[in-house]
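If you want the building blocks of each chain, they are given just below.
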Amino acid sequence: MQNAAIYIDGLTHNHAGEHALRGVSFSVQPGSLFGLIGADGAGKSTLFRILSTLLTPQSGHAEILGLDAHKQSKEIRRIIGYMPQKFSLYGDLTVFENLKFAARIVDINEKELPHTIQDLLAFSRLEPAQNRQAAKLSGGMKQKLALCCAMIRKPSILLLDEPTVGVDPVTRKDFWNMLAQLKARGCTTLVSTPYMDEAELCDQVALVHQGQLIGQGTPQELCAKLPGTLWKIQGYTSLHFAIHATPPQGILCLYPMGGDLHALAPQGMESAEVLSLVQTCCPKATKIQQANVRIEDVLLQALQAAEANS
Amino acid sequence: MNTVFSIQTQGLTKKFGAFVAVDHIDVEVKRGEIYGFLGANGAGKTTAIRMLCGLLQPSSGAGTVAGFDILRETAKIRTRIGYMSQKFSLYPDLDVRENLALYMELYGIPKHSIEDQFTSAVERTGITEILDRRTGELPWGWQQKLSLACATAHIPEILFLDEPTGSVDPLSRRAFWDLIRAEAARGTTIFVTTHYMDEAEYCHRACFLVDGKVADLGTPPELKERHNVASLQEVFLAVAKQARRS
């Protein structure tokens, strides 16, 4: 499709050892930050492997900037930066040497190299650590270095498969500031994440479940589409609530959210009624108010609904 | 033996050369408590856990775990604790039954109670239906449950969980926490590190480590009130501002 940075149509892949995709279609607009969320084993990594030309899909079509992911893999590899879930850095090499190595593999202009590396070091704020061995970096610094390695060729498309797993909240914030800067420079990013606060920073979010897309939109659109009214219930202790307990009759979903409990109830139900229903399983619940819907609520509702249907 | 505290340390310190990874921490974890141990990457959490588990000799300070001295009685400590991390070590070519049996043997569970404890671990973690599956081919969520079964089959007094929910979706993380709560309800003390601050809210008390020192400690409501914020995520960001080292 013209104009899309990434275009995927009816992508299907079902192979032992890979998580299956069953007819996935979507497109990513140039210069946008597109998030993929979903359960473990939903097929997100398989999608990344196809887009990065490491895997040939059994059927369907994937394009990056108009190039066919299957037939034009060489050209595609020149324009993408890919950070797999299990990236490899060389522990014995320093930060600087890792970048230099990554650059030599992709054969970038030797003259520009020092400048490019300095740029990336400044951008990632890894400058003070440039002579430290990669093995001696903290978890968050390793993720930043891996991102820099993926960016060494100044790709116009970044494919990031769960780049912030195991990273603390402060470093995650830094990392997403880096992604925002890249977006400002016009870079298109497809990123998967298990952190729902990160999904909210994306322009578009797609929900993947068992190899299929079960929702897509801006975070605001997805939140607005939640089927019902969301209530926040306090005064109970989240230590005593089990997610797989069946919600009381009349309540659509009930789950712990941080220190509170969230209840999704049909539109129009009064707060007093919601509270009394919730009290049948959580007697200590005392305080109720309408809650702001967030992407975490959207995904939980979608996953619980999908589980109930299967 | 101390009947109130499962873990107690005084001035626990670990230095690597001039670098002080863990700096005089005093920790008291009550029996049956879910204790969150939080901090940035590199704050010293894993080093502290390794000392508590008897895998690393402290540079100075003292402590007891399950009533045993962490300097001199590490062998006794190891039989009374369970440990599980995100990078759990299961044998991918063994089936689920074999993995669990292997762990039980390693923990030295007496022969006469092996069968009962095996059944109990399988039921508690809900892995009956996958017992004959090859471990390597299982989805991550199942491996995580098996891992928990392996870490708890010997009925440890204290369960150490070092980032147990790495890359897991919100629904599966909540399901995993149901299992953790059930363990705690049986009287097991839970010492857990996580980067998901919503999970920290499920702890009875949370301890924030900054640059190897205890920077704050309290119940989730206390912590939020003290920092005048609505979530532990914001507490984390506030506390982490004190950090000097990277």
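Everything here concerns the structure above.
Quick caveat: nothing in here was measured; it's all calculated off a predicted structure.

Caption draft 1: Main features of the nonpolar core. L51, L99, L145, C148, L159, A263 and L299 of chain A are the most contacted members of the largest nonpolar core, which totals 89 residues. In terms of residue count, the dominant contributor to this core is helix α5 (residues 139–150) of chain A (7 residues). When neighbours within four sequence positions are excluded, C148 of chain A is seen to be in contact with L99, L120, S124 and L126 of chain A. A66, F68, I81 and A240 of chain B belong to the second largest nonpolar core, which has 69 residues in total.

Caption draft 2: Spatial organisation of the sheet that holds strand β13 (residues 260–265) of chain A. Residue and element names in this part refer to chain A. Strand order in the open sheet formed by 4 strands is β12-β13-β11-β14, and the pairing between neighbours is antiparallel. If you trace the sheet from one side to the other, it starts and ends with β12 (253–257) and β14 (287–290), each paired once. Averaged over all pairs of adjacent strands, the angle between strand axes in this sheet comes to 25 degrees, irrespective of strand direction. Where β12 meets β13, 5 bridges bridge the pair, whose relative direction is antiparallel.

Caption draft 3: Geometry of the sheet that holds strand β9 (residues 204–209) of chain A. Residue and element names in this part refer to chain A. If you trace the 6 strands from one edge of the open sheet to the other, you get β6-β7-β8-β3-β9-β10, paired in mixed fashion. A strand with exactly one partner marks an edge of an open sheet, and here the two such strands are β6 (80–83) and β10 (212–217). Strand after strand, the sheet turns through a mean of 15 degrees between neighbouring axes, direction not considered. Across 5 bridges, the pairing between strand β7 (residues 157–161) and strand β8 (residues 188–192) is parallel.

Caption draft 4: Summary view of helix α4 (residues 113–124) of chain A. With 12 residues, α4 of chain A should reach 16 Å at 1.5 Å per residue; the first-to-last C-alpha distance of 16 Å fits that figure. Its buried side turned inward, α4 of chain A meets α3 (95–105), α5 and α6 (169–184) of chain A.

Caption draft 5: Structural view of helix α1 (residues 44–51) of chain A. Residue and element names in this part refer to chain A. The buried fraction of α1 amounts to 8 of the 8 residues, a majority that puts the element mostly inside the structure. Among the residues of α1, K44, S45, T46, L47, F48, R49, I50 and L51 are the ones counted as buried. Just downstream of α1 lies T53, where phi reads positive at about 65 degrees.

Caption draft 6: Broad picture of the interface of chain B and chain A. Contact residues are listed per partner, giving 31 residues for chain B and 32 residues for chain A. The set of elements that each furnish at least two residues to the side of chain B that touches chain A consists of α5 (140–152), α6 (170–185), α7 (197–200), α8 (220–227) and α9 (232–240) of chain B. The biggest single contributor to the side of chain B that touches chain A is α6 of chain B, with 7 residues. Each residue belonging to the side of chain B that touches chain A can be placed in one class, and the counts come to 14 nonpolar, 10 polar and 7 charged.

Caption draft 7: Up close: unusual backbone geometry. Phi at L65 of chain A is positive, roughly 45 degrees, even though this residue is not glycine. Along the chain, L65 of chain A turns up in the loop between β4 (59–64) and β5 (67–68). Overall, L65 of chain A belongs to the partly exposed group, with 17 C-beta atoms counted inside 10 Å. Unusually for a residue other than glycine, A66 of chain B sits at a positive phi of about 55 degrees. Residue position: A66 of chain B is located in the loop between β5 (60–65) and β6 (68–69).

What counts, and where the lines are drawn
Counting of residues starts from 1 at the beginning of each chain's written sequence and follows it residue by residue. A letter from A marks each chain and a number from 1 marks each ligand, given out in the order of writing. With the structure being a predicted model, the display of local features is reserved for residues of pLDDT at least 70 and the display and counting of side-chain atom pairs for 80 or more, all residues being used for whole-chain, interface and lining totals. A set of buried Ala, Val, Leu, Ile, Met, Phe, Trp, Tyr and Cys residues, joined through C-beta atoms within 7 Å, is what we mean by a nonpolar core. Each residue is classed by its C-beta neighbour count within 10 Å, where at least 20 other C-beta atoms makes it buried, 12 or fewer makes it exposed, and intermediate counts make it partly exposed; the C-beta atoms are placed from backbone geometry. Here a helix means four or more residues in a row that DSSP labels H or I, a strand means two or more in a row labelled E, and each is numbered from the N terminus. We call two residues in contact when the distance between their C-beta atoms, placed using the backbone, is within 7 Å. Strand pairing is assigned whenever DSSP identifies at least 2 bridges connecting the two strands. Fitted lines through C-alpha atoms give the axes, limited to the stretch in contact for helices. The angle between two N-to-C directions lies from 0 to 180 degrees. Multiplying 1.5 Å by the residue count of a helix minus one yields the expected span of that helix. Under this grouping Gly is polar, as are all residues other than the nonpolar Ala, Val, Leu, Ile, Met, Phe, Trp, Tyr, Cys and Pro and the charged Asp, Glu, Lys and Arg.

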